[in-house]
Each structure stands twice: as structure tokens, then as C-alpha cells.
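# Structural overview for review
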Amino acid sequence: MTAHDAEGLVRRFYRQLWNEWDDGAVAATLSEGFTFRGSLGDETLGRDGWRRYRDQVRAGSADFHNEIVELVCQAGRAAARVRCSGHHTGPLLGFPPATPPRTFRYDVAAFFRVSEGFITDAWVLGDLDRLRRQLASPGEEDD
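Residues numbered from 1 in each chain as written. Predicted model: local features only at pLDDT ≥ 70, side-chain atom pairs only at ≥ 80, totals over all residues. Heavy atoms only, no water.

## Points about the overall build of the protein
- For the protein, the helix and strand inventory stands at 4 helices and 6 strands.
- Helices and strands appear in the protein in the N-to-C order α-α-β-β-α-β-β-β-β-α.
- Over its C-alpha atoms the protein spans a radius of gyration of 15 Å, differing by no more than 12% from the 15 Å that the globule rule assigns to 143 residues.
- Here the C-alpha coordinates of the protein stretch approximately 45 × 30 × 20 Å along the principal axes.
- Across the 143 residues of the protein, 42% fall into the buried class. (Helix = DSSP H or I, 4+ residues; strand = E, 2+ residues; numbered from the N terminus. Rg over C-alpha atoms; globule rule 2.2 N^0.38 Å. Buried < 20%, exposed > 50% of the residue type's maximum accessible area, 1.4 Å probe, protein only.)

## As for the pairing of strand β5 (residues 103–115)
- Residues of β5 alternate between two faces, with F104, Y106, V108, A110, F112 and V114 buried on one and T103, R105, D107, A109, F111, R113 and S115 left unburied on the opposite face.
- Across 11 bridges, the pairing between strand β4 (residues 77–87) and β5 is antiparallel. Its bridge partner lying in β5, H87 is registered against T103.
- Two elements, β5 and strand β6 (residues 118–126), share 8 bridges in a ladder whose sense is antiparallel. Paired with A109 across the two strands is L125, which belongs to β6.
- Between β5 and the antiparallel strand that follows it, β6, lie 2 residues; E116 among them carries a positive phi value of about 50°. (Pairing = 2+ DSSP bridges.)

## Things to note about the nonpolar core
- Of all hydrophobic cores here, the largest spans 36 residues; its most connected members are F13, W18, W50 and F112.
- Broken down by secondary-structure element, the contributors of at least two residues to this core are α1 (3–19), β1 (30–37), α3 (46–60), β4, β5, β6 and α4 (128–136).
- With near-sequence residues (within four places) excluded, F13 lies in contact with W18, T29, L30, F34, F36, W50, F112 and I119. (Core = buried A, V, L, I, M, F, W, Y, C linked by side-chain atoms within 4.5 Å. Contact = heavy atoms within 4.5 Å.)

## A few points about a nonpolar patch on the surface
- A cluster of nonpolar side chains, F111, W123 and L125, forms an exposed patch at the surface whose accessible area comes to about 300 Å².
- Position of L125 relative to the elements: it lies in strand β6.
- The class for L125 is partly exposed, based on a relative accessible area of 43%. (Patch = residues over 30% accessible without salt bridge, like charges linked within 9 Å, V, L, I, M, F, W, Y side chains within 5 Å. Areas by Shrake-Rupley, 256 points an atom, 1.4 Å probe, with all protein chains shown as cover. Salt bridge = Lys/Arg side-chain N within 4 Å of Asp/Glu carboxyl O.)

Don't take any of this as a statement about function, it's just geometry.
Structure, rendered in C-alpha cells:
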């Protein structure tokens, strides 16, 4: 796979699978044996495992959004710096939602492997310290 192919898959991953919550795009983007380590620290296997992780995030933030800040690709691999944001509308990292819901914003570094037209592996490291501070205290999201 070319760098261009890897770029297209990673952009689709964030745009359709995360930001649009397009469940129909999962089979066209992730390999059957997709391995995933999410920014919340959970590890999953397969498309359904990833869906469960995504649904857990969505339960904690119905408007969870990813913005690719920087993306570097080469044949078979990609690395991205991504800004995650949303409102804390349900349980997340052990924190109950506040009323009104708190906004949050944190960055992640994500590393992907791609093969035969699919993302086969993703490893995401998020700034959970910053996220936890924002969930615990209002006004912590500014930077």
C-alpha cells in the first residue's frame, strides 16, 4: 500500500468511523482481525471489539469529535496527531457527567498499520492526565 492509500484510510477512520459514527464504513476500513489500543487504555480485537470501544466513548460523550492536526504517511504505515473534543454527557474514565456537561479537549498520538486496503492495527496514546483534569474540574480545557 502506498503512502496515499494509508492517508486515505486514516482520514476515513476519523471522519466516517468516529466523527460521523458511520457503522457501515467499519467493514470497508478495518481488517477483520483489526487490533486496537485506544487512548483510554483499552485494547480490542476485531471490528466488533473496536465498535464496543467506540460505543463506550460515545456513551461518555455523544458529540465526541476527532480533528487530525498532523498526519505523516508512508507505504503501509501512518502516524497522526489528533485533537479529541466533546462534552462529557455520560460516564467516562470513572467520572460521572456534570450538569451542565463539561467540555473537554485533549491530544493523542496515533500509529497505524495498513495492508491490502484496510487498517490492520492502531495504537493510540492520549493525554489522559489532561482529560482527567478537565472531567474533574470545569475550565481546565483551555490551551
